[in-house]
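These are the residues of each chain, in order.
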Amino acid sequence: GIQVEQSPPDLILQEGANSTLRCNFSDSVNNLQWFHQNPWGQLINLFYIPSGTKQNGRLSATTVATERYSLLYISSSQTTDSGVYFCAVFVAGNNRKLIWGLGTSLAVNP
Amino acid sequence: NAGVTQTPKFRILKIGQSMTLQCTQDMNHNYMYWYRQDPGMGLKLIYYSVGAGITDKGEVPNGYNVSRSTTEDFPLRLELAAPSQTSVYFCASFQGVEKDNEQFFGPGTRLTVL
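Residues numbered from 1 in each chain as written. Chains lettered and ligands numbered in written order. Predicted model: local features only at pLDDT ≥ 70, side-chain atom pairs only at ≥ 80, totals over all residues. Heavy atoms only, no water.

Here we come to unusual backbone geometry. For the peptide bond that leads from Ser7(A) to Pro8(A), omega is -10°, which places it in the cis range. Among the secondary structure elements, Pro8(A) is positioned in the loop between strand 1 (4-7) and strand 2 (10-14). Pro8(B) follows Thr7(B) through a cis peptide bond whose omega is -5°. With respect to the element layout, Pro8(B) can be found in the loop between strand 1 (4-7) and strand 2 (10-13). (Helix = DSSP H or I, 4+ residues; strand = E, 2+ residues; numbered from the N terminus.)

The next subject is the interface of chain A and chain B. The interface of chain A with chain B comprises 18 residues on the first partner and 22 residues on the second. With both chains or domains summed, chain A and chain B bury close to 1,700 Å², and 51% of this area falls on carbon and sulfur atoms. Inspection of the chain A/chain B interface yields three residue pairs in polar contact (both at pLDDT 80 or more). Elements that contribute at least two residues to the side of chain A that touches chain B include exactly strand 4 (31-37), strand 5 (43-48), strand 9 (83-90) and strand 10 (98-100) of chain A. If one sorts the elements of the side of chain A that touches chain B by residue count, strand 4 of chain A sits on top with four residues. For the side of chain A that touches chain B, the class distribution of residues is eight nonpolar, eight polar and two charged. (Contact = heavy atoms within 4.5 Å. Buried area = accessible area lost by both parts, 1.4 Å probe. Polar contact = N/O pair within 3.5 Å; in protein donor to acceptor, adjacent residues only side chain to side chain. Nonpolar A, V, L, I, M, F, W, Y, C, P; charged D, E, K, R; others polar.)

Read these as geometric descriptors, not functional statements.
Structure follows, in structure tokens:
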């Protein structure tokens, strides 16, 4: 089945720094989502981005479906950005399942 | 819209007890899912449903049961709780239309089995 790989697995930033998280997937996908899981365990939709680029405040994401990757940019990081960032791809078919990466664990230090 | 709601938020069970985790969505979504997330890990699919009256197993269905009698509700049942079921449980839903495949997640239920 399709594989989703995220890098880096762990990342430590100083507040104010920028970062790029990557998500590679092994086969064609219909859609892709980025999630942030905060330190309290809440799972937050960041982007629904099957292709192209979207921006929301300090966060932006780009998916190049033909090359099978997506990037999540965090600019001017804040301590509240800490947590785990997951990429999940959508697999078409009868069950419509999301296939998840293992996440990037981000710690932003003050 | 309230989106996807889950109850309870927290629960502690003794080994062998049973309970039902509730999930409700008010977006008229056809597809609903139950995931579990163990500490430091990603999400694993337990069961899913493509519509009222239709359910199917995911990756880790053992020890769980589900039902889908209405579009809105998708409860998850633990019959004989075991310590291995200590986890955070997320319910999700989405419309199922090809051009709109964004999944929406509930806030989660943190379950501890002692």
